[in-house]
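Structural overview
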Amino acid sequence: MIKRALPVTVMTLLLLAAWYAGAAWLNWPQAAETLVRANKPAGFGDVLAQAYAMKRPILPTPDQVVVELWTSLSGYAPTSPRNLLFHAWVTAEAALTGLAMGLVLGILLAAGIVYTRTLEASLLPWVIASQTIPILAIAPMIVVILGNIGLTGLLPKAVICMYLCFFPITVGMVKGLRSADPLWLDLMRTYSASGMRAFWSLRLPASMPFLFASLKVSVAISVVGAIVGELPTGGQAGLGARLLSGSYYGQTVQIWAALIMASLLSVALIAVVRGLELVLLGRAGAR
Amino acid sequence: MTSPHPLGVREATASRQGSDPDASPARSSVVVEARKLSLVYPTADKPVTALSEVDLTIARGDFVSLIGPSGCGKTTLLRVIADLERPTSGRIAIEGMTPEQARLKRLYGYVFQAPALYPWRTVERNVMLPLEIMGIGRAERQARAREQLERVGLSGFERKFPWQLSGGMQQRVSIARALALQPDLLLMDEPFGALDEITRDHLNLHLTQLWRATGKTCVFVTHSIAEAVFLSTRIVVMSPRPGRILDVIDCDTLPRERKLDIRESPEFAAIAHRVREGLKEGHSYDD
C-alpha cells in the first residue's frame, strides 16, 4: 500500500509545487501593480501574498480553487445553480444519454459491418471520416439544426456526445464480434443454432471485454462532448455553461473549479464503468 | 443387441428407447454410410485432395477409430459426417439422411480437439448451452447437465469457471456437453490429444466405460495406436496425399469390456501390429 501510495504522493506534491510557482510567476506583474497603485509596501513577500490572493488571477492557486469548490458544494443546496454538483449533474445527464445513444448506434453499426460485407466496404470509410471533422466546428451546427426543428435542451448535447462516443464503440465491437474462436462457432453449427442465437449466445458475450475497453474511452469523451455542446447553446446550466459564464466575467477561479469538477465527473464515470466490468465479467476470469 | 446384456448395457437400451420415441422398431443397424466420398480443397497453386473415394460403413453401437498421420483426412472425414465440411463428390448418409438433415435434427454430439468451452459461462452453464438452444426448460436443463457432469465425474464443479479447471477436466466438461444432447452418435476429434499420458489413460478408461454404459455409436479420431486399439471395435487406418482408407481392422478378438490390462494381451499386440503395418504402408507412398 505504502509502495503504491508513495509515487502518487510525490507526483502530486511536485505538481502542486509547479502550480504554485506558475501562479506566482503569472500573477506577479498584476499583483505588483496593484500594490504600487495602492501605495502599499511591495517587497517580495508582499507581492507573493498578493499574487496568491487576487480575485481574478491569471492562474488561481490550488487552495483558491479548492475553497471555491468547497463553498459551492457545501454552501448551497445541490439543486441550486450556484452548486457545482447541479451543473455536474446536468452535464452528466447529457453525457450519459449521449453515451447510451452512442452505444446503441455503435453496436448496430458494428453488427452491420460484421454481418454484411457490403456495409463493411460502404460504411467503414464514412465512420472513420466522421471522426476527422473537428467537434468544435460541427457542434454549433448540430445545435442550430436541431434547435430549428424544435429540439433544445438535453437532446442536442446528447447528439454531440453520441457523435463522439459511437466511434470507439464501433471499432471495439467490430473486433469483439469477430473475436469468437472458430471452434466456438463450429460448436454453434453442430447445434444447428440460428444466426440470431449465435449472436446472442456467442458473438455478443465474446465481445464484452472489447466493449468495456471502448466504453472507458467513450465515457470520458462523452463528458467532453457534453461540455462542448453546452458552449454554443449559451445554456444556463451545465459545466460548459459555467465555464462560459466564468470566461465572460473573467472569473478564473470559477473556471478552474468547473474544470476540476469536470475531471472529477469523468473519473467517477470511468470508475462506474470499471465497476460494472468487474461485476459482469470479473468472475469469468482473466481473459 | 438382441441377447440379454450385462447391467451397463441394459441401462443403455432402456434409455435409448426412452429418448427416442419416434424410432421405428426396424431402424437400420447402419449409422454412417459413405460411398466414393471425395473432398478437394481449391488452393492457389494446386487443388488439395483431402479425401479420395472413401468407402466406410459404421454400424450401430460400434466404437470406430480413424487413425493416421496428420494430413490423412481423418478430421476432415469426421467434419464431413458432422456437416462442418461439404464433400465435393460421392455419397454419405447419416441414419439414412444427408449430413445436413442429421445436423439440423441434432443427431450427433461433437467433441473438439480443444475443450472449446465458453469462458464466460460456468461449467454447468456450458453443459446447458446445447439444451438452451434446443429450447428445453430451465429445470430439465439443469437436471440433465448435473446428470452428465456426474457421469464424467465432475459433480461439485458446476459453479466453477473453465479457467479454474485442469485441461483434462475441461475436456471432460466438453464430453458432458456433447452427451447432454443425448445423441446416439458421438463424434470425437482427438479429444485427448493435448493431455499428458497419465490423464489420457484415465480418460480412455472412463470413455470406454461410458460407451459401454450408454451404448452410443462413437467415431473417434486419434493418432495414437494404443488409444485406438484400446477403445475401438473397429479401426480405420488412413493415409495422406490423397486422404484415403488403407485398412479396416475388426477388433473382435478383444472383449467388449476393456480394462487397462488388456493392453498387455497378445491379441492387443496383434491388432496394434496390424495398425502399425498399415500406417507404414501409407508412409512408403510419400518417401
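Per an unreviewed UniProt entry, chain A goes by ABC transporter permease and derives from Azospirillum endophyticum. Database annotation for chain A, UniProt heading Sequence similarities (unreviewed entry): "Belongs to the binding-protein-dependent transport system permease family."

1. Considerations on the packing of helix 4 (residues 84-115) of chain A against helix 10 (residues 239-248) of chain A
Residue and element names in this part refer to chain A. Between helix 4 and helix 10, the least distance of the axes is 7 Å, while the angle of their chain directions is 125°. Considering the angle they form, helix 4 stands oblique to helix 10. Here His87, Ala88 and Thr91 of helix 4 come into contact with helix 10, specifically with Leu239, Gly240 and Arg242. Taken together, the residues of the contact of helix 4 with helix 10 break down into two nonpolar, three polar and one charged.

2. Structural notes on the pairing of strand 5 (residues 108-111) of chain B
Residue and element names in this part refer to chain B. Side chains Tyr108 and Tyr110 of strand 5 all project onto a buried face; the interleaved residues Gly109 and Val111 project onto the opposite face, where all are buried too. Two strands pair when backbone bridges link them, and strand 5 and strand 6 (residues 185-189) are joined in this way by four bridges, in the parallel orientation. Looking across to strand 6, one finds that Tyr108 is bridged to Leu185.

3. What about the sheet that holds strand 4 (residues 89-94) of chain B?
Residues and elements named next belong to chain B. The strand order 2-1-4 describes an open sheet built from three strands, whose pairing is antiparallel. Looking at strand neighbours, the two that pair on one side only are strand 2 (48-59) and strand 4, the edges of this open sheet. Adjacent strand axes in the sheet meet at a mean angle of 15° when their direction is disregarded. The pairing of strand 1 (residues 30-41) with strand 4 spans five bridges and is antiparallel.

4. Focus on the domain arrangement of chain B
Residues and elements named next belong to chain B. Segmentation of chain B into domains returns domain 1 (28-107 + 185-192 + 205-287) and domain 2 (116-182). A C-alpha centroid distance of 26 Å is found between domain 1 and domain 2. Between domain 1 and domain 2, the residue contacts involve five residues of the former and six residues of the latter. For the side of domain 1 that touches domain 2, the class distribution of residues is four nonpolar, no polar and one charged.

5. A look at the domain arrangement of chain A
Looking at the assigned domains, one finds that chain A contains domain 1 (2-59) and domain 2 (84-284). Here the C-alpha centroids of domain 1 of chain A and domain 2 of chain A sit 38 Å apart.

6. Some details on the environment of Thr71 of chain A
The residue Thr71 of chain A is located in helix 3 (residues 62-75) in this model. Exposure remark for Thr71 of chain A: the 14 C-beta atoms within 10 Å place this residue in the partly exposed category.

7. Regarding the packing of helix 6 (residues 135-148) of chain A against helix 7 (residues 154-177) of chain A
Residues and elements named next belong to chain A. It is the contact of helix 6 with helix 7, at a shortest axis distance of 9 Å, that shows an interaxial angle of 140°. By the angle between their axes, helix 6 is oblique relative to helix 7. Pair helix 6 / helix 7 crosses with right-handed handedness. Across from Ile135, Ala139, Ile142, Val143, Leu146 and Gly147 in helix 6, the residues of helix 7 making contact are Leu155, Pro156, Val159, Ile160 and Leu164. In terms of residue class, the contact of helix 6 with helix 7 is built from ten nonpolar, one polar and no charged.

8. A word on helix 2 (residues 44-51) of chain A
All names here are of chain A. Of the residues making up helix 2, those classed as buried are Val47, Gln50 and Ala51. Down the axis of helix 2, the buried set is contained in an arc of 100°. They therefore lie on one face. Facing away from the buried side of helix 2 by more than 90 degrees, the exposed set consists of Gly45 and Ala49. Among the structural elements, helix 1 (2-37) are those in contact with the buried residues of helix 2.

9. Topic: the nonpolar core
Counting residues in each nonpolar core, the largest one holds 82 residues, and the members touching the most others are Ile67, Ile81, Ala176, Leu187, Val219, Ile235 and Val275 of chain B. Per-element accounting of this core gives the leading share, seven residues, to helix 6 (residues 167-180) of chain B. Every residue in contact with Val275 of chain B, bar those within four places of it in the chain, is listed here: Ile67, Ile225, Ala228, Val229, Ile235, Val237 and Ile249 of chain B. Of all hydrophobic cores here, the second largest spans 50 residues; its members include Phe167, Val171, Ala220 and Leu243 of chain A.

10. A few points about unusual backbone geometry
Residue and element names in this part refer to chain B. Positive phi values are uncommon outside glycine, yet Glu53 reaches one of about 45°. Mapped onto the secondary structure, Glu53 falls in strand 2. Owing to 16 C-beta atoms within 10 Å, Glu53 belongs among the partly exposed residues under this scheme. The phi angle at Arg106 is positive, at roughly 55°, despite the residue not being glycine. You can see Arg106 is positioned in the loop between helix 3 (99-104) and strand 5.

11. Regarding the interface of chain B and chain A
Between chain B and chain A, the residue contacts involve 17 residues of the former and 18 residues of the latter. Listing elements by their share of the side of chain B that touches chain A, those giving two or more residues are helix 3 and helix 4 (123-134) of chain B. Considering every element that reaches the side of chain B that touches chain A, the biggest residue donor is helix 4 of chain B, with three residues. Per-class residue counts for the side of chain B that touches chain A are 15 nonpolar, no polar and two charged.

12. Concerning the environment of Met11 of chain A
All names here are of chain A. Following the sequence through the fold, Met11 ends up in helix 1. With 10 C-beta atoms counted inside 10 Å, the residue Met11 sits in the exposed group. Residues Met11 and Gly275 lie 264 residues apart in sequence; the distance between their C-alpha atoms is 26 Å.

13. Focus on the sheet that holds strand 9 (residues 244-250) of chain B
Residue and element names in this part refer to chain B. Taken in spatial order, the six strands of this open sheet run 5-6-7-3-8-9, and their pairing is mixed. Unpaired on one side and paired on the other, strand 5 and strand 9 mark the two borders of the sheet. If you compare each strand with its neighbour and ignore which way they point, the axes differ by 15° on average. Strand direction decides the pairing type here: strand 3 (residues 63-67) and strand 7 (residues 217-222), joined by five bridges, are parallel. Within the sheet, the bridge partner assigned to Val64 lies in strand 7 and is Val219. The sheet strands contacting helix 6 are strand 5 and strand 6, and the helix crosses strand 5 at an angle near 170°.

Criteria and cut-off values
- Residues numbered from 1 in each chain as written.
- Chains lettered and ligands numbered in written order.
- Predicted model: local features only at pLDDT ≥ 70, side-chain atom pairs only at ≥ 80, totals over all residues.
- UniProt positions renumbered as here; feature names shortened; annotations may be inferred.
- Axes fitted to C-alpha atoms, helices over the stretch in contact; angles between N-to-C directions.
- Helix = DSSP H or I, 4+ residues; strand = E, 2+ residues; numbered from the N terminus.
- Parallel < 35°, antiparallel > 145°, perpendicular 65-115°, else oblique.
- Contact = placed C-beta atoms within 7 Å.
- Nonpolar A, V, L, I, M, F, W, Y, C, P; charged D, E, K, R; others polar.
- Buried ≥ 20, exposed ≤ 12 C-beta atoms within 10 Å, placed from the backbone.
- Pairing = 2+ DSSP bridges.
- Domains from an automatic or database assignment.
- Left-handed = near helix turned anticlockwise from the far one by under 90°.
- Arc of directions from axis to C-beta.
- Core = buried A, V, L, I, M, F, W, Y, C linked by C-beta atoms within 7 Å.

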